[in-house]
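Tertiary structure, described
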Amino acid sequence: MKHNRTVALLVLAALLAGLLSACNFKQWLYDELPDGAIPGLTSPSPSPLPSPPSGPAKNDLMSLPWKEQTPLDPLRDDGRLNQSLFPLLYEGLFVLDETFEPTPVLCSSHTTADHLSWLFTVRSGVVFHDGTALDAHIVAANLQKALLPGSLYAGRLADVASVRAVDDATVEIVLRTPNPRLPALLTVPMTSPAGSDYGTGPYAVIRAENGAYLQAFDGWWRKKPLPVIRWELSAVTTSDELLYGFETGAVTVLTYDRADESSVRPQAGFESFGYPTPIFQYIGFNTTRPLWTLPAARRMVSAAVNRAALCTELFDAQADPALLPLPPVSPLYPEANRAETGYSLADAAALLSSLGYVDHDGDGFVDVKNRAVFEPLTLDFIVNVENPQRAAAAEQVAEALRSIGLTVNVRALSWSNFEKALRDGEFDLYYGEATLAADFSPSLFVKGGSLGYGGYENPEIDAALAAARADMTYNQKTSWLDFWELWQAECPIAPVLFRRQQMLTQRGRIADPRPVWGHVFYHLPEWEVR
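Cut-offs applied
Residues numbered from 1 in each chain as written. Predicted model: local features only at pLDDT ≥ 70, side-chain atom pairs only at ≥ 80, totals over all residues. Heavy atoms only, no water. Helix = DSSP H or I, 4+ residues; strand = E, 2+ residues; numbered from the N terminus. Contact = heavy atoms within 4.5 Å. Core = buried A, V, L, I, M, F, W, Y, C linked by side-chain atoms within 4.5 Å. Buried < 20%, exposed > 50% of the residue type's maximum accessible area, 1.4 Å probe, protein only. Pairing = 2+ DSSP bridges. Axes fitted to C-alpha atoms, helices over the stretch in contact; angles between N-to-C directions. Salt bridge = Lys/Arg side-chain N within 4 Å of Asp/Glu carboxyl O. Expected span 1.5 Å × (residues − 1). Arc of directions from axis to C-beta. Phe/Tyr/Trp six-rings, centres within 6.5 Å; stacked < 30°, edge-to-face > 60°. pLDDT = per-residue confidence, 0-100.

Mapped onto the elements of the fold, Ala169 is located in the loop between strand S6 (160–165) and strand S7 (170–175). Here the alpha-carbon distance between Ala169 and Ala136, two residues 33 residues apart in the chain, equals 5.0 Å. If sequence neighbours within four positions are ignored, Ala169 has contacts with Phe120, Thr121, Val122 and Ala136.

The following block contains the structure:
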């Protein structure tokens, strides 16, 4: 069996060798920093890459897919393949656990007196794969680079006013507004000044004439034994190549997204391990139109959403119903809401009646008077047609609204037309999806926020959120529970669900890997590899 897999790996490498092209981009760590960002900092001289552990390689048929490029760029490469393997190479100040709570990694401690100005102590004794010692100047430089346009982390860090190294061990971050969840945003991968190939993670990338592989890093600061000494890297450029690699054993681990049509799913011979994600689906309201200025109208729509059925029927139970823009696995999610789905057509019908709408002509649909005649109350519900699950979900919600007497037209639009309709306000309702940052800020959905397409604004909501974010006892949830109670009463959006993803492995290769969003190797030192 081992011989056959080795042959398959060599065949795959030969097939793919001529298909790859390298990406060209600026790679030096400090070449794009604003003037004066890190005064007086000089790049240390790189030292040779540490030698791999002695003895023969173990588990040499353990392999990962990647999109080959020279060098790697964890701040800008948003491809699924490389993003999956980056946690083996790079570490941040923090990593998110199974509940999206931040766990310190390259940060040994942190303090704040107001959730506005923060001090982070950089862990001592950490070195990069090229031998460079980690210090606060390098951390600050990496964070500065993460703030630049084009960085995958620029959006989540948009509220950062300044970053500086106070001394060799301390980094100061000042925000424009208080945020008690700042540590959850600081998962930015740290790279060495000598090159972005070099991180501080448990493996170093080794480039050879006949390909590349990941080698266990002897200098890893955690000093934990690893179940895999070497991961082969199988370069792929198409989904067919990826599927072939997995089915022949040349690729050991894949990530799979049930709702992503481009995601590869083998037909048989694999095991799957699910995990929650911050990928959020919801219904937005155009509050520039009179009906949707009324909280009761927005709550009516929310009550008509059969969240549990959508998760089961459209997502094969790979989704979690949610009443808030906050994953139900989060410890900040109100306990009172965990067992609820908010679905009640009776409540939706009662709310519609409370708004004064009546079926005047007896056709089963409520009407509005237009001059001397009554016309159906018609809602324009838009959704992106290119995602079949979202389109089907919108149609199911529309059917529920029709059952209580509303006339709903679902417009399934191409992505470009969907975006245009959102920008131009040409909708009553829209079915949206967004990958939320781990601070789960609800300000995204109000006017001025990046997802504030509906134009919702309410000074009371703004004040309650500001108070909750400034509360130094926020972990005790009191101020947050008060905020979420107000949020649910106002219902600026109608939350639907949070999607789940899966880690796939060949059957019997890995026992209980317990993957985590953004880091399927989170529990790697405890893996049992067979």
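More follows now that the structure is in view.
Counting residues in each nonpolar core, the largest one holds 66 residues, and the members touching the most others are Leu64, Leu143, Ile173, Leu186, Tyr203, Leu214 and Trp231. Counting 39 residues, the second-largest nonpolar core is a separate cluster that includes Ala319, Leu352, Ala393 and Leu429.

On the basis of which strands lie adjacent, the open sheet formed by four strands has the order S1-S10-S9-S8 and mixed pairing. What marks the edges here is a single partner per strand, and that holds for strand S1 (63–66) and strand S8 (203–208). Taken pair by pair, the neighbouring strands of this sheet meet at an average axis angle of 30 degrees, ignoring direction. The pairing of strand S9 (residues 211–216) with strand S10 (residues 230–235) spans three bridges and is classified as antiparallel. Directly across from Gln215, in S10, lies its bridge partner Arg230. Its contacts with the sheet put helix H2 (residues 80–89) on S1, S8, S9 and S10, and the angle it makes with S1 is roughly 125 degrees.

Here we take up the side chain of Asp77. When you line up the elements, Asp77 lands in the loop between S1 and H2. Residues within four places of Asp77 in sequence aside, it is in contact with Gln69, Asn82, Gln83, Phe86 and Leu152.

In this structure the tally under the stated criterion is 19 salt bridges. Close ionic contact of Glu101 with Arg181 constitutes a salt bridge, the shortest N to O distance being 2.5 Å. One end of the pair, Glu101, is in the loop between strand S2 (94–96) and strand S3 (102–104); the other, Arg181, is in the loop between S7 and helix H4 (182–185), and 80 residues separate them in sequence. There is no split in this pair, since Glu101 and Arg181 are both buried. Of the charged contacts, one joins Lys224 and Glu526 as a salt bridge, the two residues approaching to 3.9 Å between their closest N and O atoms. With Lys224 in the loop between S9 and S10 and Glu526 in the loop between strand S20 (510–511) and strand S21 (528–529), the pair connects residues that are 302 residues apart, well separated along the chain. Here Lys224 falls in the partly exposed class, since its relative accessible area comes to 35%.

Spanning 13 residues, helix H13 (residues 478–490) covers 19 Å between terminal C-alpha atoms, matching the ideal 18 Å at 1.5 Å per step. Listed as buried for H13 are Ser479, Trp480, Phe483, Trp484, Leu486, Trp487 and Glu490. Buried residues of H13, seen end-on, are gathered within an arc of 160 degrees and therefore sit on one face of the element. Along H13, exposed side chains directed more than 90 degrees from the buried face belong to Asp482 and Glu485. Once H13 ends, the next one or two residues include Cys491, with phi positive near 50 degrees.

Our focus in this paragraph is the packing of aromatic side chains. On inspection of all chains with the given rule, the structure shows 21 aromatic pairs. With a centroid separation of 6.1 Å and an interplanar angle of 80 degrees, the aromatic rings of Phe94 and Phe120 are classed as edge-to-face. On the criterion of sequence distance, the pair formed by Phe94 in strand S2 and Phe120 in strand S5 (residues 117–122) is long-range, its members being 26 residues apart. Given a relative accessible area of 2%, Phe94 falls into the buried group. Phe120 sits in the buried class, given a relative accessible area of 1%. Relative to Phe445, the ring of Phe280 has its centre 5.9 Å away and its plane inclined at 75 degrees; by these criteria the two rings are edge-to-face. With Phe280 in strand S12 (residues 270–285) and Phe445 in the loop between strand S18 (429–435) and helix H12 (459–470), this residue pair connects regions lying 165 residues apart in the sequence. Chaining the aromatic ring pairs together yields one cluster made of Phe280, Tyr282, Phe427, Tyr430, Phe445, Tyr453 and Phe498.

As summarised here, the arrangement of the four strands in space is S4-S5-S7-S6, forming an open sheet in which the pairing is antiparallel. Two strands bound the open sheet, and with one partner strand each, they are strand S4 (107–112) and S6. Neighbour-to-neighbour, the strand axes of the sheet open up by a mean angle of 20 degrees, direction not taken into account. Relative to S7, S5 is paired through five bridges, and the arrangement is antiparallel. Bridged to Thr121 within S7 is Thr170. Sitting on the sheet, helix H3 (residues 136–146) is in contact with S5, S6 and S7, with an inclination near 155 degrees to S6.

Before going further, it helps to spend a moment on helix H6 (residues 295–303). Most of H6 sits inside the fold, with seven of its nine residues counted as buried. Turning to H6, its buried residues are Ala296, Ala297, Arg298, Met300, Val301, Ser302 and Ala303.

Of all residues in the chain, 86% attain a pLDDT of 70 or more, and the chain-wide mean is 86. Predicted confidence for residues 1–60 stays below pLDDT 50, and this span has 98 contacts to residues more than four positions away or in other chains.

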